[in-house]
Amino acid sequence: MALKWWLSASALLSSMTILLVLGFLLQSSWPLIQQQGATFIVGTEWYPFESLYGMLPAFIGTVWSVTLALLIALPCGVAAAILCAELLPPRLRSTVRFAMELMAGVPSVVYGLLGMWLLLPLLESQLNLLTGRTLLAAGLLLALMILPTIMVLSEDAIRAVRQSQRETAKNLGIGWDATLWRVLLPQAWPGIRVATLLATGRAMGETVAVMLVVGSIDRIPEPFYNFLQPAQTLTSRIGREMAEASVGSLHWAALLFCGLMLATMAVAISLLTHRKVAAV
Amino acid sequence: MNSQHLLARDTISKGIVWLLAVPALLIPTIVLCYIFWQAAPVLDWGFIVGTTDGAGFGVSDGIFAQLLGSLLLAVMACAIAAPFALGTALYYRTYASPRQQRLLTAMFNMLQGIPPIVFGLCGLVVLVNLFAWGVSLISGAVVLAMVVLPLLVLNTLATLERIPHGYTEAGMALGLGNGAIIGRLWLPRSWLNLLTGVLLAMARALSETAPIMFTATVFSGVVWPDSLFSPVTTLQTHIFYLAQESNDPQVISIAWGSAAVLVLLVASLGVLARLLYKLGED
Amino acid sequence: MFRCWLSVLLLGVSLAGPLHAVAATIKVAGSTTVLPIVAEAAKLYRVIHPDLSLTVSGGGSGVGVANIERGIIDIGMASRPLSDSEVRRLNTTTDVIPVARDAVAVAVSKVVYESGVQGLSLPQIAAIYRGEIRNWRELGGPDAPILVIDKEASRGTRHVFASVVLGNARARAPGATIITGSNNEEQAVISRSDQAIGMLSNAWLNDRVRAVAVGDGEHAILPTAENIASGRYAIKRDLNILVPKNSSDDVRGFVDFLRSEQGRMIVQAVGFHPVR
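Bear in mind the structure is a predicted one, so any value in this text is a computation, not a measurement.

Novice: Can you help me understand helix α1 (residues 2–36) of chain A in this one?
Specialist: Since the α-helix packs 3.6 residues into each turn, any two residues three or four apart lie on the same face. If you check α1 of chain A, its first and last C-alpha atoms are 49 Å apart, about what 35 residues at 1.5 Å a residue would give, namely 51 Å. Positive backbone phi, approximately 65 degrees, marks G37 of chain A, located one or two places after α1 of chain A.

Novice: How should I be thinking about the pattern of salt bridges in this particular structure?
Specialist: For side chains bearing opposite charge, pairing can occur when the charged atoms are close. If you walk through the whole model with that rule in mind, you get 30 salt bridges over all chains. The closest approach of N and O atoms between E155 of chain A and R159 of chain A, which form a salt bridge, is 3.6 Å. On the criterion of helical spacing, the pair formed by E155 of chain A and R159 of chain A is a turn pair, its members being 4 residues apart in helix α5 (residues 135–159). Residue E155 of chain A is classed as buried on the basis of its relative accessible area of 0%. Ionic pairing is found between E152 of chain C and R240 of chain A, a salt bridge with its closest N-O pair at 2.8 Å. You can see E152 of chain C sitting in the loop between β6 (147–151) and α7 (156–166) and its partner R240 of chain A sitting in helix α9 (residues 234–241), one on each of two chains. Put simply, R97, E101, E155, D156 and R159 of chain A together with R274 of chain B are held in one network by salt bridges that share partners.

Novice: When you look at the nonpolar core in this model, what are you seeing that I'm missing?
Specialist: Most often, soluble globular proteins keep nonpolar side chains buried together rather than apart. Grouped together as the largest cluster of nonpolar side chains are 201 residues, with contacts concentrated most on L25, Y111 and M242 of chain A together with W256 of chain B. In this structure L25 of chain A touches L256, G259, L260 and A263 of chain A together with V118, L121 and C122 of chain B, once residues within four positions along its chain are discounted. Residues A42, A196, V209 and V243 of chain C belong to the second largest nonpolar core, which totals 38 residues.

Novice: How should the packing of helix α3 (residues 64–94) of chain B against helix α4 (residues 98–113) of chain B be read in this particular structure?
Specialist: Two numbers describe a pair of packed helices, the interaxial angle and the distance between the axes. Residues and elements named next belong to chain B. Interaxial distance between α3 and α4 falls to 9 Å at its minimum, and their mutual angle equals 150 degrees. By the angle between their axes, α3 is roughly antiparallel relative to α4. Crossing of α3 over α4 shows left-handed handedness. On α4, the residues touching T88, Y91 and Y92 of α3 are Q100, Q101, L104, T105 and F108.

Novice: What am I meant to see in helix α6 (residues 122–130) of chain C here?
Specialist: Residue and element names in this part refer to chain C. Among the residues of α6, those classed as buried are I125, A126, A127, I128 and Y129. Residues of α6 that are buried sit in contact with β4 (94–109), β5 (119–120), β6, α7, β8 (196–201) and β10 (213–214). Directly after α6, the chain includes G131, whose backbone phi takes a positive value near 85 degrees.

Novice: Looking at this model, I keep getting lost on the interface of chain C and chain A. Mind explaining?
Specialist: The figure often quoted for interface size is the accessible area lost as the parts come together. Listed per partner, the contact involves 32 residues of chain C and 28 residues of chain A. Summing the contributions of chain C and of chain A, the shared interface buries around 2500 Å²; its carbon and sulfur component is 55%. Summed over the shared surface of chain C and chain A, the number is 5 salt bridges. As a salt-bridge pair, E50 of chain A and R172 of chain C come within 2.6 Å of each other at their nearest N and O atoms. Linking chain C with chain A are 11 residue pairs in polar contact (both at pLDDT 80 or more). Broken down by secondary-structure element, the contributors of at least two residues to the side of chain C that touches chain A are α3 (61–70), α7, β7 (178–180) and α8 (183–192) of chain C. When residues of the side of chain C that touches chain A are assigned to their parent elements, the largest contribution, 5 residues, is made by α3 of chain C. A per-class count over the side of chain C that touches chain A returns 15 nonpolar, 10 polar and 7 charged.

Novice: Honestly, unusual backbone geometry in this entry has me stumped. Any pointers?
Specialist: The bulk of non-glycine residues show a negative phi, and the bulk of peptide bonds are trans. Residues and elements named next belong to chain A. Of note, the bond from E222 into P223 is cis; its omega dihedral lies within 30 degrees of zero at -15 degrees. Structurally, the position occupied by P223 is in the loop between α8 (208–213) and α9. A positive phi angle, close to 55 degrees, is found at S51, a residue other than glycine. The residue S51 is located in the loop between β1 (46–47) and β2 (52–53) in this model. Phi at N128 is positive, roughly 55 degrees, even though this residue is not glycine. Secondary-structure assignment places N128 in the loop between α4 (108–127) and α5.

Novice: Looking at this structure, how should I read the pairing of β6 of chain C?
Specialist: Look at any regular strand and the pattern is simple: side chains alternate between the two faces of the sheet. All names here are of chain C. Across the 5 residues of β6, 5 count as buried, placing the element largely inside the fold. Side chains of β6 alternate between two faces, with L147, I149 and K151 and V148 and D150 buried alike. With 3 bridges connecting them, β6 and β7 associate as parallel partners. Bridge pairing in β7 links K151 to T180.

Calculation criteria
Residues numbered from 1 in each chain as written. Chains lettered and ligands numbered in written order. Predicted model: local features only at pLDDT ≥ 70, side-chain atom pairs only at ≥ 80, totals over all residues. Heavy atoms only, no water. Helix = DSSP H or I, 4+ residues; strand = E, 2+ residues; numbered from the N terminus. Expected span 1.5 Å × (residues − 1). Salt bridge = Lys/Arg side-chain N within 4 Å of Asp/Glu carboxyl O. Buried < 20%, exposed > 50% of the residue type's maximum accessible area, 1.4 Å probe, protein only. Core = buried A, V, L, I, M, F, W, Y, C linked by side-chain atoms within 4.5 Å. Contact = heavy atoms within 4.5 Å. Axes fitted to C-alpha atoms, helices over the stretch in contact; angles between N-to-C directions. Parallel < 35°, antiparallel > 145°, perpendicular 65-115°, else oblique. Left-handed = near helix turned anticlockwise from the far one by under 90°. Buried area = accessible area lost by both parts, 1.4 Å probe. Polar contact = N/O pair within 3.5 Å; in protein donor to acceptor, adjacent residues only side chain to side chain. Nonpolar A, V, L, I, M, F, W, Y, C, P; charged D, E, K, R; others polar. Pairing = 2+ DSSP bridges.

Put into structure tokens, the structure is as follows:
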């Protein structure tokens, strides 16, 4: 039964991947937890030379950059999806959609290049900042990156609303505005929510583009909502420090713990996505 | 009166939608044009087939070695992931109990959400250090295989789902076993769509930078890796290093050129996948 | 199907096997300050030894040391002396060989330099990095906040700079605005800003990135060739390569090439000072 063996083995192995990944991360970051308890998670200082591995600055940076990106990309992306699905003539619609699908596939490192050589000079000259490398730069770049994803998936959701419902609304004399708010968006909402959660996951885990523009300094912005300051994200910290930590050191363990945090957040997001889909 | 009021509200809502949507559609387009505009001065045949010697940050010559490394990694990643993905999807359709099916779906949805850099970390810990494979082609390929695995599995599942039930039932009525149903009914019918999935996975593997940064690449010195255990240079990391490290306009234009080539490569894989998909539908 | 894949994989491995045996490889990684020397030398060495596969990558001194310890590279590059604990771990297995001499310049943006900040004392530089001086006005420059550029903690340039300026190789710099990695990255930031200060290997200075003289008043010293050679400039260091004692002849050959007269010429051409 070579066939059954192959199928079962690959199913087992592939589905174990996620457990293996989480297991290895936990096992490798265990020395840090063992030595410092869980207090370092809420610590505000990261300084490997003094064995300070506070996770809070990078965590806040990650949350901030993702929030900024969503605040920009969500309204724009959904509006673009509405425009595309409801207002544009079909011919133009398929062109625009195809272009957006291609944009969704643009490699993130290209966005990094754009960030360095288009966005940073622009920010520096327009906002009169000390340096363009700020949370705002990271947020804008991430917004640009997740916008096509949000737009494409939201458009799918809006177009999936049955034509009969649109016509019923029209026959009842409800205007376009009310149809949009009372029929289309509520019906499409589960799909838009999934799009948002997927985009959140992508923005959270983005590494190279963010580490080029965020400034990489392990400090909580002062005051904490000041997104015009340089900061650090979990991914950018891993990207900048991983290669230089010696294997098995506390620093190494701390960086792997950053990875574990990212993975845990990703799993949480995917559970949230999944539950919503199941509820529909 | 009432209808006028409604009309006014309609106009306002439409106005808001246009106002938000137009930048959302225009800015990405402008950005895309900007990349090609910046890349135009360096893009020619010599740029693509030339190799850089690595000294002085690739100022001279082309990106042949990087292109080769990227493609090699992507192809290997798919070659490693594909049998597992196909096997898993077939298991899901044939042997799995409903409970196992739910579990598998949940696992792969989770796996798909894991940030690529996390796979890079695991690759560094397990493959590069524990297995002592070093920074090498094989480490990078395995890490990328993990990144594209959920995509391939979910895509294969969707393909198998589109096979009409009647088709399979007819096969079972004829007394065909699982092997025959897979080999004679499913695969001949859906291989084009499966290939679509592989192409999309390749496009994904070509787009990733973070997971291979610590596991597979060096800055320079490789054109064709000597073995599975040699490092490679890739287009993605090349762009990254040039963007981060350089200040020289000429080098930056090489970075733009590389970016344009990478975007074109990924986009053409996407278009090819779409064509194949359409072909498979007919 | 499965057998088909298996045979493809096996074919791949069997093709790769013999190739592996034919060409010797030398992997070099570490300090981006040393990188140009080795990269340039490697370019020439490849011409002499076309059968050899020589890869060079950066990452920083920390990466060079860590990877030599892990045994995954053949030559490490470090732009700083090894720390005590590193010496303890490595001195029985690894040779530290200086290939060049370099100064860490205190570099400022062109605008700052031309508006009059052409020399800083060590306490002044320390005050900037501790966050006690935050505006160029306080140092006789323009009325603009200082963009203080720190480097990643493992960078050799930072070790040398921090030990001379801040008194401890591992001292913190609470005044820092942003963190950069390699010399190239920092050079790019300084040259694009009008109010930046940073620590930079001497070889990366240019028209838009100027070195200030370091020291008090008339005793301020610029990192010129003579001052580095005579040792008068304070923030200086050796650029080292780390070579395992049990290296192959191929690796030894390349190391000897680096130390030969030709190697010294490369060092000079790249902008450093050869070690005699």
